[in-house]
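Descriptive structure summary
Each chain is listed here by its residues.
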Amino acid sequence: MSKISKQTYLSTRRGAWILNRVSDNGIPFDIILTYRLQHAILSSLPEWLANYLAERWLEKRFNHTLFGLKPAHRFNSQHPTVSDDLANRLIAGNVIVKPDVRRLHKRSVEFVDGTVVEDIDVIFCATGYLFGFPFVDHKAFEVKDNVVNLYKYAFPPDINPPTIAVIGCFQPIGGIMPVSELQSRWVAQVLKGNTRLPSSEDMWKDVVGKREAMAKRYVNSTRHTIQVDFIPFLDELAELAGCKPNLFRIFLTDPKLAITMLFGPRCPYEYRLVGPNTWPGARDAILTVMDRVKYPLMTRKIPENNNTSIITFMRILVAGIIIALLAIFFSR
């Protein structure tokens, strides 16, 4: 919009942390976000330290205070805003950041800081949305303030036996389709009778526990009612569906595959290695995923001088040490 309008104003209630689609070394950020080893390290840190490291990294790319967008909440307390172009638009003056709107007039907008902007033509209200299930006439599917009561965001705890499920009613920090696909596989196993749901009481405990965890972590908003973390929720569903791979066992039988899984991004193919509905091509798909990420970008190939053998050796060494430590820890 700011590229074609005379002037664009960005009004924000509380600010936001800004992420780039393109991350370090030109790799898409959603790929970096799902690196197994990186996620394991960050997840083991105290929440304040993980937030500090993430915010420090973001501030190097986009000075949130300078641009008037730094929020009071921490990085992990709200979904970030993804934009590669916002900083350029702000520097060029095409976008001007303003605080929350106090009131609207016929052709002007007054903001809470007392400033008024005249001759406004169009207002886009990017304030989110409400959702529900008006097509299902059952109290188990009643939604108030975007709060749903579904076990693993799929099954109503009070409908027994399970005859209906919801797919994709969650908001991950990452791609929704891989999680929905795995959720569908688990739901299919339940409906076929190959796996059983817990008791209604245990399902309610899970529902309430997730809701309380969200309330502690996220800014209070109807936007933050169905949040899930990409990798942990994938693993939850995979364990229920019986298709979660054991990295230690894979390392003993296929070190190359284990090292690729440890140092690379978490791929949906990993959940086709074991369990029901395995795929013979899963191993090759995992080993070549970064080739497919890079292929459409490399329209002009440049010879590379890199020490591939040294890098591979170091990865094997580090992977061996990490897996050995994990084996010692879990054998106690």
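Presented here is an overview of the structure given in this document. Computed from a predicted structure; not experimentally measured.

What to know about the side chain of Thr 34
- Structurally, Thr 34 is set in the loop between helix H1 (29–33) and helix H2 (36–44).
- The buried category is assigned to Thr 34, whose relative accessible area is 6%.
- Among the polar contacts listed, one links the side chain of Thr 34 to the backbone oxygen of Ile 31, at a separation of 3.1 Å.
- With residues up to four places along the chain from it excluded, the contact list for Thr 34 reads Phe 230, Ile 231, Gly 264, Pro 265 and Arg 266.

Here we look at the pattern of salt bridges
- Under the definition given, this model contains 21 salt bridges.
- The shortest N-O distance in the salt bridge between Glu 110 and Arg 103 comes to 2.8 Å.
- Residue Arg 103 is classed as partly exposed on the basis of its relative accessible area, which comes to 40%.
- We note a salt bridge from Arg 266 to Asp 235, for which the minimum N-O separation is 2.8 Å. Pair noted here: Arg 266 is in the loop between helix H9 (255–263) and helix H10 (282–287) and Asp 235 is in helix H7 (residues 230–241), with a separation of 31 residues, a long-range link.
- Judged by its relative accessible area of 8%, Arg 266 is buried.
- Among the charged side chains, a network of salt bridges with common partners joins Arg 36, Asp 235, Arg 266 and Glu 270.

Considerations on the sheet that holds strand E5 (residues 101–104)
- Within the open sheet, the three strands sit side by side as E5-E6-E7. Their pairing is antiparallel. Of all the strands in the sheet, the pair left with one neighbour each is E5 and strand E7 (116–117).
- Where strand E6 (residues 109–111) and E7 come together, two bridges link them in antiparallel fashion. Bridge pairing in E7 links Val 109 to Val 117.

Quick look at the nonpolar core
- Counting 33 residues, the largest nonpolar core has Tyr 153, Phe 155 and Trp 186 as its most contacted members.
- If you list the elements that add at least two residues to this core, you get helix H5 (176–191), helix H6 (200–217) and H7.
- Tyr 153 has contacts with Val 148, Val 166, Cys 169, Phe 170, Gln 183, Lys 210, Met 214, Thr 225, Ile 226, Gln 227, Val 228 and Phe 233, leaving out every residue within four places of it along the chain.
- Grouped together as the second largest cluster of nonpolar side chains are eleven residues, Leu 37, Ile 250, Met 261 and Phe 263 included.

A closer look at helix H3 (residues 47–61)
- Over its 15 residues, H3 runs 22 Å from end to end, which matches the ideal 21 Å to within 8%, given 1.5 Å per residue.
- Every buried residue of H3 is listed here: Ala 50, Asn 51, Ala 54, Glu 55 and Leu 58. With its buried residues spanning 125 degrees around the axis, H3 presents them on a single face. When the buried face of H3 is taken as reference, the exposed residues oriented beyond 90 degrees from it are Trp 48 and Lys 60.
- Of the surrounding secondary structure, the elements contacted by the buried residues of H3 are strand E2 (18–19) and H2.

So, the side chain of Lys 152
- Mapped onto the elements, Lys 152 comes out in the loop between E7 and strand E8 (171–172).
- By relative accessible area, which is 8% here, Lys 152 ends up buried.
- Here Asp 206 takes part through its side chain, which lies 3.1 Å from a polar atom of the side chain of Lys 152.
- At 2.5 Å, the side chain of Lys 152 forms a polar contact with the side chain of Glu 236.
- Apart from the residues lying within four places of it in its own chain, the contact partners of Lys 152 are Gln 183, Trp 186, Asp 206, Lys 210, Phe 233, Glu 236, Leu 237 and Leu 240.

Parameters at a glance
- Residues numbered from 1 in each chain as written.
- Predicted model: local features only at pLDDT ≥ 70, side-chain atom pairs only at ≥ 80, totals over all residues.
- Heavy atoms only, no water.
- Helix = DSSP H or I, 4+ residues; strand = E, 2+ residues; numbered from the N terminus.
- Buried < 20%, exposed > 50% of the residue type's maximum accessible area, 1.4 Å probe, protein only.
- Polar contact = N/O pair within 3.5 Å; in protein donor to acceptor, adjacent residues only side chain to side chain.
- Contact = heavy atoms within 4.5 Å.
- Salt bridge = Lys/Arg side-chain N within 4 Å of Asp/Glu carboxyl O.
- Pairing = 2+ DSSP bridges.
- Core = buried A, V, L, I, M, F, W, Y, C linked by side-chain atoms within 4.5 Å.
- Expected span 1.5 Å × (residues − 1).
- Arc of directions from axis to C-beta.

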